[in-house]
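# Summary of the model geometry
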Amino acid sequence: MDDFTLETLGLAEAPREHPLRYPGAWPADSALLDGDRLVPLALDRLVHKERAPLLAVGSNASPGQLRHKMAEFGITSPIPMVKTRVTGVDVGVSAHVSRMGYVSASPFHAPDTVRELFVIWLDAEQLAVIDASEGVPLPNGNYGRAWLPAPEVRVELPGGVTLPGVHSYVNRHGVLHDGTGAARTHPGQRELLTQLLVGSARLRELFGVTPEEFVARARADRQLCAAGTRLFADEKRVTESGLERYVTVQQTGSPGTGSSLFPPLM
């Protein structure tokens, strides 16, 4: 038996196919995603200067989700995934309903917060795929790609090496707040949907009264997802992430062809 297959490790599921399990299972430690296998990374292979470092706060840290996204475009090249210690951001709730059936994660500015999050190192072709999956190239897409610079955001790798900055996806709709105006953190999909539905009769009218109903109604129904997104704003549940100032206009290539503008790195 190959102990490094995603199936064996319990990391094969993609949240796109199992929305209530969003953000999906993350690796226990730094590793290299290579097709259907996830093999350990040596300490001297944690920095890849020829690639773009992307901070994953949601399902982009799920090997099953990454494999699913890449497979859509026939991309099989490996992806290094490095577990890091991040200071300056926390994992919030995107102020939009995804057509995948879930309400996804988005980072927000949190100067005193320290989290263990993954940085995935992407080549130009892989970056174009992930950009497209987040709507970056579209003027009305849900996310913009930001460069979060040090020291505002500190990303420390195992062994104490720190990065000069990292890419991240910032939600163009903002993030949901906790009722006091402060950004709320993402507790996991089932718990989140339960809380949101309990708190809004209008949301229940649109999506039903259970997380299962929410997912079933939302999946692939763009108009309903758009209505849910508007409702978040109408009910004044939305606040800024504090990271909007770092978002720049991105020029990206079509998935499978690579980016027409590869971001500056280190």
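Residues numbered from 1 in each chain as written. Predicted model: local features only at pLDDT ≥ 70, side-chain atom pairs only at ≥ 80, totals over all residues. Heavy atoms only, no water.

## A word on the environment of glycine 24
- Relative to the assigned elements, glycine 24 resides in the loop between helix H1 (6-9) and strand S1 (31-34).
- In this structure the C-alpha to C-alpha distance between glycine 24 and alanine 124, which are 100 residues apart in sequence, comes to 25 Å.
- Each residue touching glycine 24, except ones within four places of it in the same chain, is listed here: Pro15 and Ser62. (Helix = DSSP H or I, 4+ residues; strand = E, 2+ residues; numbered from the N terminus. Contact = heavy atoms within 4.5 Å.)

## Description of the pairing of strand S2 (residues 37-40)
- Sheet topology places S1 next to S2; four bridges connect them, and they run antiparallel. Each bridged residue has a counterpart across the sheet, and for leucine 32 the counterpart in S2 is valine 39.
- The antiparallel pairing of S1 with S2 creates a hairpin that spans two residues between the two strands, and glycine 35 there sits at a positive phi of about 65 degrees. (Pairing = 2+ DSSP bridges.)

## Observations regarding the pattern of salt bridges
- Evaluation of the coordinates by the stated rule reveals 11 salt bridges.
- With its nearest N and O atoms 2.9 Å apart, the salt bridge here joins arginine 237 to glutamate 235.
- The buried category is assigned to arginine 237, whose relative accessible area is 15%. (Salt bridge = Lys/Arg side-chain N within 4 Å of Asp/Glu carboxyl O. Buried < 20%, exposed > 50% of the residue type's maximum accessible area, 1.4 Å probe, protein only.)

## Some remarks on the pairing of strand S5 (residues 105-122)
- With five bridges connecting them, strand S3 (residues 52-56) and S5 associate as antiparallel partners. Counted as the bridge partner of proline 53 is tryptophan 121 from S5.
- Sheet topology places strand S4 (residues 79-93) next to S5; 13 bridges connect them, and they run antiparallel. Bridging from a neighbouring strand, valine 93 pairs with alanine 105 of S5.

## As for the layout of surface pockets
- Looking at the largest pocket, its volume works out to about 940 Å³.
- Looking at the largest pocket, it is lined by 40 residues, and the ones nearest its centre are His96, Ser133, Glu134, Gly135 and Asn142.
- Within the residue set of the lining of the largest pocket, elements represented by two or more residues are S3, helix H2 (63-71), S5, helix H3 (124-133), strand S8 (165-171) and helix H7 (222-234).
- Tallied by class, residues from the lining of the largest pocket come to 18 nonpolar, 16 polar and six charged.
- Reported here for the second largest pocket is a volume of approximately 150 Å³.
- Phe4, Leu9, Leu11, Trp26, Pro27, Ala28, Asp29, Ser30, Ala31, Leu38, Val39 and Pro40 together form the lining of the second largest pocket.
- With three residues, the top contributor of residues to the lining of the second largest pocket is S2.
- Counted by class, the lining of the second largest pocket contains 10 nonpolar, one polar and one charged residues. (1 Å grid on protein atoms, 1.4 Å probe; cavity = no way out; pocket = protein on both sides within 12 Å on 5 of 7 lines; lining within 4 Å. Points joined across faces, edges and corners; volume = space filled by probe spheres on them. Nonpolar A, V, L, I, M, F, W, Y, C, P; charged D, E, K, R; others polar.)

## Observations concerning the nonpolar core
- Of all hydrophobic cores here, the largest spans 25 residues; its most connected members are Leu55, Val86, Val89, Leu117, Leu148 and Val155.
- Only S4, S5, strand S6 (143-149) and S8 provide two or more residues apiece to this core.
- For valine 86, the contacting residues outside a window of four places in its chain are Leu55, Thr113, Val114, Arg115, Leu117, Val153, Arg154 and Val155. (Core = buried A, V, L, I, M, F, W, Y, C linked by side-chain atoms within 4.5 Å.)

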